[in-house]
Amino acid sequence: MDLNVVSQSGGCASSGCGSSADRLSHLPEAIRAKVDNHPCFSEDAHHHYARMHVAVAPACNIQCHYCNRKYDCSNESRPGVVSELLTPDRAVKKVIAVAANIPQMTVLGIAGPGDPLANPERTLETFRQLSEKAPDIRLCVSTNGLALPEVVDEICKHNIEHVTITINCVDPDVGAKIYPWIFWNNRRVKGRKAAEILIAQQQKGLEMLVERGVLVKVNSVLIPGVNDEHLKEVSRAVKAKGAFLHNVMPLIAEPEHGTFYGLMGQRGPSNEELQTLQDACAGDMAMMRHCRQCRADAVGMLGEDRGHEFTLDKIETMEIDYEAAMARRAEIHAEIEANRTAQRQQTGEAFVSLSSLKRGLKTKAAEPRPVLMAVATTGGGVINQHFGHAREFLVYEASVNDVRFVGARKVDLYCSGGDTCGDAETTLQKIIRTLKDCEAVLCSKIGYEPWSQLEEAGITPNGEHAMEPIEEAIAAVYQEMVASGQLEQAGAEPQRLTA
Amino acid sequence: MAFKIVEGCVNCWACEPLCPSQAIFEAKPHFMIDAKKCTECEGEYADAQCASICPIEGVILDGLGVPVNPPGSLTGIPPERLAAARAEIQAR
Ligand code: SF4
Ligand code: SF4
Ligand code: SF4
């Protein structure tokens, strides 16, 4: 009985097989090098590096039913977010200021507020200036794909390595339920016909980018009852065309966002539905589960929001010697790399002890069942966040085979600091609901009140592994659970997971 | 004759770069069309560009003051089908 979903689903050569926590280890060296410190592509890099976005491209050329165009493009940000629109010149100034001050920022993305390629001049101008002035920053762009084929060659000129295309379907009948219209050849095109054109353009753009050696990530929004089953086909199709990562994001639809879906009462997927689908697609290609829909902002990376340091008037007065900054950035990146190597070795040891655990159990009838655990972290690959400060939890699955990252779950911050926690109980209940399938939550510290409520809900709080690498700590907790005998399988046939 | 942007415009910028007459400009509380410049896209395009990309129903009026994108025209769901469509979507 193999409980490791990745190897279970077959195709070890093409999907991340083995016990490494980093799902990119299967990629060819050249691609690996490109993505190794890209926070959007590498689970491990996500802990150490960050990207930032600049909002230079407001217009959009299609309508998605999950988007309210009052706000930023929902394909990339969460609904209801409004960014301050920047001119390309100002955006470049801001990026350089942030890069000089936050060396972890390695990637600059343009993802909106609309579609960066709908009216591409502003996006391309920003990229052109940046590849000239800050050659150590990688560039990426996200698009709905409609205008992509026309600008692929232009994009390649500007040294862009990564493109994200949001592809929600490859079947126009499904598409017609997601996109009511597109703007195409100076006319509005509606319904199935619109979806047909959009899909053709997306697929063509994907092919053209792959041909030119540009990495392509595909984002899909999981919309229950619309494209849930269909996304498996999308995953297969985009993999066949050479996309190297597929990221399935949950639909977020609330009436207060004013989107079509929100107003019409279309529901989003449950954590379980999302996870099941991600598992189903995992056999087809590397899946990205750490995506937090762009919350890995450089300006917020270290847990505290540093946005106020980079307001327009402050940037205008900053004098930046980027040559000097670039040298300092290179030093810090080298330090980070040394740290990551050290952590990988430690994690490797944890896996060794897990597999010896399995060997020791060979004689028993059933293996211990896998367990989900939640972790509070601000980054760096270690457990370093107070339970009450966590805005999201990273969920991992521990089994006798490995520790595997499952996904990030957002929660509302329940402790605003101080003793003004009026709503503490209800929000805490919400967190408990979000983590209800987890059996332990690892954090640096936790208060008495949440401690007892978590315990009552069957989630064991654990503050004993503060500042330890995540995978290692989880392996240790899992070992304790195994040792205590609490994970012995009840039935004869062990199941992967039950909620 | 000229087109007009009215209340409800969400300032999404989609129309502005498309106007062949540079008649559209950013303003408060919403984008506006300079009536002296707007040509209704005559001789340039078969359809008025602003009204062909605007994502909001009812916010662009033609020369006669009639909304170019009436209710239901952009969602694809005519008002009389709205309740049924909502029920369908909620059953998903
Ligand atoms: S592509 Fe982005 S901005 Fe355009 S409608 Fe879709 S979600 Fe909104
Ligand atoms: S109708 Fe044509 S000319 Fe007039 S504002 Fe709209 S796009 Fe410009
Ligand atoms: S496209 Fe419509 S909503 Fe957007 S700015 Fe123009 S008039 Fe306003």
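Quantities reported herein were computed from a predicted structural model and do not represent experimental measurements.

## Comments concerning helix 8 (residues 230–240) of chain A
All names here are of chain A.
(1) Moving on: Taken as a whole, helix 8 has its buried residues at H230, L231, V234, S235 and V238. Buried residues of helix 8, viewed axially, fall in a sector of 145°; they line one side.
(2) Moving on: Following helix 8 by one or two positions, G242 has its phi on the positive side, about 105°.

## A look at the sheet that holds strand 7 (residues 187–190) of chain A
All names here are of chain A.
(1) Moving on: The sheet built from 3 strands is open, its strands ordered 2-6-7 with antiparallel pairing. Either end of the sheet is taken by a strand with one partner, and the two such strands are strand 2 (62–63) and strand 7.
(2) Moving on: Packing against the sheet, helix 7 (residues 191–211) makes contact with strand 2, strand 6 (181–184) and strand 7, and its axis sits at approximately 105° to strand 7.

## What about the site of ligand 1?
(1) Moving on: Surrounding ligand 1, one finds C60, I62, Q63, C64, Y66, C67, R69, C73, S74, N75 and N144 of chain A.
(2) Moving on: Here the shell around ligand 1 is composed, by residue class, of 6 nonpolar, 4 polar and 1 charged.

## With respect to the site of ligand 2
(1) Moving on: Every one of the 13 residues lining ligand 2 counts as a neighbour, but C19, S21, C38, C41 and C50 of chain B are closest to it.
(2) Moving on: Taken together, the residues that form the shell around ligand 2 break down as 9 nonpolar, 3 polar and 1 charged.

## Some points on the packing of helix 3 (residues 88–101) of chain A against helix 4 (residues 121–133) of chain A
Residue and element names in this part refer to chain A.
(1) Moving on: In contact at an axis separation of 9 Å, helix 3 and helix 4 are set at 40° when each is read in the N-to-C sense. Judged by the inter-axis angle, helix 3 sits oblique to helix 4. Viewed along their axes, helix 3 and helix 4 form a crossing whose handedness is right-handed. Judged by residue contacts, P88, D89, A91, V92, V95 and I96 of helix 3 engage R122, E125, T126, Q129, L130 and K133 from helix 4.
(2) Moving on: When its residues are assigned to classes, the contact of helix 3 with helix 4 shows 6 nonpolar, 2 polar and 4 charged.

## What about the pattern of salt bridges?
Any two side chains of opposite charge can pair, so long as their charged atoms come close to each other.
All names here are of chain A.
(1) Moving on: Under the counting rule described, the total for this entry stands at 20 salt bridges over all chains.
(2) Moving on: Between E211 and R212 there is a salt bridge; the shortest N-O distance is 3.6 Å.
(3) Moving on: Here E211 falls in the exposed class, since its relative accessible area comes to 63%.
(4) Moving on: Residue classification places R212 among the partly exposed positions, given a relative accessible area of 34%.
(5) Moving on: Ionic pairing is found between E397 and R404, a salt bridge with its closest N-O pair at 3.5 Å. The residues E397 and R404 share a single accessibility class, namely buried.
(6) Moving on: Connected through shared salt-bridge partners, R90, K93 and E316 make up one network.

## Section: the confidence of the model for chain A
Detailed reading of the predicted model is not advised wherever pLDDT is low.
All names here are of chain A.
(1) Moving on: Scored by pLDDT, chain A has a mean of 79; 75% of the residues are at 70 or more.
(2) Moving on: Predicted confidence is poor over residues 290–296, with pLDDT under 50, and the contacts of this stretch with residues over four places away or in other chains come to 29 contacts.
(3) Moving on: With pLDDT under 50 throughout, residues 415–423 is counted as low confidence; its partners more than four residues away or in other chains account for 5 contacts.

## Points about the packing of helix 5 (residues 148–157) of chain A against helix 7 of chain A
All names here are of chain A.
(1) Moving on: Running from amino to carboxyl end, helix 5 crosses helix 7 at an angle of 20°, the nearest separation of the two axes being 8 Å. As judged from the angle between their axes, helix 5 and helix 7 are roughly parallel. Relative to helix 7, helix 5 is oriented so that their crossing is right-handed. Between helix 5 and helix 7, the contacting residues are L148, P149, E150 and V152 on the first element and Q201, K204, G205, L206, M208 and L209 on the second.
(2) Moving on: When grouped by side-chain class, the residues that make up the contact of helix 5 with helix 7 number 6 nonpolar, 2 polar and 2 charged.

## Examining the interface of chain A and chain B
(1) Moving on: Each partner contributes to the interface: chain A provides 28 residues, whereas chain B provides 26 residues.
(2) Moving on: Approximately 2,200 Å² of surface area, both sides summed, lies buried where chain A meets chain B, with 58% of it carried by carbon and sulfur atoms.
(3) Moving on: Linking chain A to chain B there are 1 salt bridge.
(4) Moving on: Put simply, chain A and chain B have 10 residue pairs in polar contact (both at pLDDT 80 or more) between them.
(5) Moving on: Mapped by element, the contributors of at least two residues to the side of chain A that touches chain B are strand 6, strand 7 and helix 9 (260–264) of chain A.
(6) Moving on: No other element matches helix 9 of chain A, which puts 4 residues into the side of chain A that touches chain B.
(7) Moving on: Here the residues of the side of chain A that touches chain B are counted per class, giving 13 nonpolar, 8 polar and 7 charged.

Analysis parameters
Residues numbered from 1 in each chain as written. Chains lettered and ligands numbered in written order. Predicted model: local features only at pLDDT ≥ 70, side-chain atom pairs only at ≥ 80, totals over all residues. Heavy atoms only, no water. Buried < 20%, exposed > 50% of the residue type's maximum accessible area, 1.4 Å probe, protein only. Helix = DSSP H or I, 4+ residues; strand = E, 2+ residues; numbered from the N terminus. Arc of directions from axis to C-beta. Pairing = 2+ DSSP bridges. Contact = heavy atoms within 4.5 Å. Axes fitted to C-alpha atoms, helices over the stretch in contact; angles between N-to-C directions. Near = heavy atom within 4 Å. Nonpolar A, V, L, I, M, F, W, Y, C, P; charged D, E, K, R; others polar. Parallel < 35°, antiparallel > 145°, perpendicular 65-115°, else oblique. Left-handed = near helix turned anticlockwise from the far one by under 90°. Salt bridge = Lys/Arg side-chain N within 4 Å of Asp/Glu carboxyl O. pLDDT = per-residue confidence, 0-100. Buried area = accessible area lost by both parts, 1.4 Å probe. Polar contact = N/O pair within 3.5 Å; in protein donor to acceptor, adjacent residues only side chain to side chain.

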